[in-house]
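The lines below spell out each chain.
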Amino acid sequence: MNDQTFMKLMQLLPKSAISHVVGLATRLPAPAPVHHMAMRAFAKAYNVDMEEAEHAFERYPTFAEFFTRGLKPGLRPIDAGEKVVVSPVDGRVSQVGYSDEGRCLQAKGIEYTVDELLGDSEAAKPFHGGAWTTIYLSPRDYHRIHAPLGGTITGYAYIPGEFWPVNPASVKNKQSLFCVNERLVTYLDTVAGKCAVVKVGATCVSRIKASYDDVLTHSGKPGKVHRYESGFKVEKGGELGRFEMGSTVILLFEPKRVVWDDSLKEEAVVRLGKRIGVIT
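Residues numbered from 1 in each chain as written. Predicted model: local features only at pLDDT ≥ 70, side-chain atom pairs only at ≥ 80, totals over all residues. Heavy atoms only, no water.

**Brief notes about the packing of aromatic side chains**
In the structure shown here, the tally under the stated rule is twelve aromatic pairs. Aromatic side chains phenylalanine 42 and tyrosine 46 sit 4.7 Å apart centroid to centroid with 45° between the ring planes, which places their arrangement in the tilted category. Taken together, the positions of phenylalanine 42 and tyrosine 46, both in helix α3 (residues 32-46) and four residues apart, correspond to about one turn of that helix. Residue classification places phenylalanine 42 among the buried residues on the basis of a relative accessible area of 11%. Measuring from ring centre to ring centre gives 5.8 Å for phenylalanine 42 and phenylalanine 67, while their planes differ by 75°; the resulting arrangement is edge-to-face. Highlighted residues: phenylalanine 42 in helix α3 and phenylalanine 67 in helix α4 (residues 63-67), separated in sequence by 25 residues. Across this residue pair, the class does not change: phenylalanine 42 and phenylalanine 67 are buried. Directly above the aromatic system of phenylalanine 66 lies the positively charged group of arginine 69, at a separation of 4.9 Å from the ring centroid. The ring of tyrosine 187 is capped by arginine 227, whose NZ or CZ atom sits 4.5 Å from the centre of that ring. (Phe/Tyr/Trp six-rings, centres within 6.5 Å; stacked < 30°, edge-to-face > 60°. Helix = DSSP H or I, 4+ residues; strand = E, 2+ residues; numbered from the N terminus. Buried < 20%, exposed > 50% of the residue type's maximum accessible area, 1.4 Å probe, protein only. Lys NZ or Arg CZ within 6 Å of the ring centre and 35° of its normal.)

Here's what the structure looks like:
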């Protein structure tokens, strides 16, 4: 199927309903053998490395718990360098750069603005001209999201939206894809200033769950923006949330605060806790 045919098909499909049904199926209290069969088939199809998982298949009562599995302790050491920015996830870099007057690159010929992404022009202003990167999480990846720097979680924004796929065909063809899909933004104050960790939903990404508060997307609740009075302290590498099925994370920093490593480029593979940049 070529990209144009795929996009036309996705335009017609009820993506939100499909994502809801898939998510519900992954959480149903079906007989354990049914879930375990699905887990094994998925792991084989996507080459999931179960040697890294903290438990064997039999320890996960539902497919959803398998998908949001943790890693074995110590498997992803966090670079403790005082000025080191670390990858918040396991994944592959889609794009990376410094926003030009608040514009970011989605794919060749397609840009979007930080204002669109965050759904709030005032919240977006601090990130105009700053470092940003987009990291795609494939189905085989570890699907928890962590803090790229230590600091304080100052608030969040749940932005309901659509459920377009975030595969290469969609990224190359759907205008402002990451600004159209459902998002959960976590705001932090760090040693590099303000930081936004944007978790983007997609087709069959049934829900995005925060680790620091009772926040769950695609659960029938309206969008919400919340600012904490004192916030929550988080260590570098501390968990911020998880995808119940995989998607994309976008990092945003203030201008002239973070410089990306030369190795952080399009298609580069990144791992949680590894250095991706430095604080200037």
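Moving on from the coordinates now.
**A word on the nonpolar core**
Core analysis: the biggest nonpolar cluster contains 35 residues, and Leu188, Val197 and Phe253 have the highest contact counts within it. In this view, phenylalanine 253 contacts Val85, Phe127, Gly130, Ala131, Pro148, Leu149, Lys194, Cys195, Val258 and Trp260; residues no more than four positions away in its chain are not counted. Of all hydrophobic cores here, the second largest spans 26 residues; its members include Ala123, Tyr187, Val198 and Ile250. (Core = buried A, V, L, I, M, F, W, Y, C linked by side-chain atoms within 4.5 Å. Contact = heavy atoms within 4.5 Å.)

**A word on the UniProt feature "active site" (unreviewed entry) in the protein**
Those places that UniProt annotates as "active site" (unreviewed entry) correspond, in this numbering, to Asp90, His146 and Ser247. The annotated residues occupy 158 residues of the chain but converge on a single region, no pair of C-alpha atoms lying more than 14.4 Å apart. Structurally, aspartate 90 is set in the loop between β1 (84-86) and β2 (91-98). Judged by its relative accessible area of 2%, aspartate 90 is buried. Once residues lying within four places of it in the same chain are set aside, the contact partners of aspartate 90 are Arg76, Leu137, Asp141, Tyr142, Val270, Arg271 and Leu272. Here the side chain of aspartate 90 touches arginine 76 through a polar contact of 2.7 Å, side chain to side chain. Relative to the assigned elements, serine 247 resides in the loop between β12 (239-244) and β13 (248-253). A relative accessible area of 0% places serine 247 in the buried class. (UniProt positions renumbered as here; feature names shortened; annotations may be inferred. Polar contact = N/O pair within 3.5 Å; in protein donor to acceptor, adjacent residues only side chain to side chain.)

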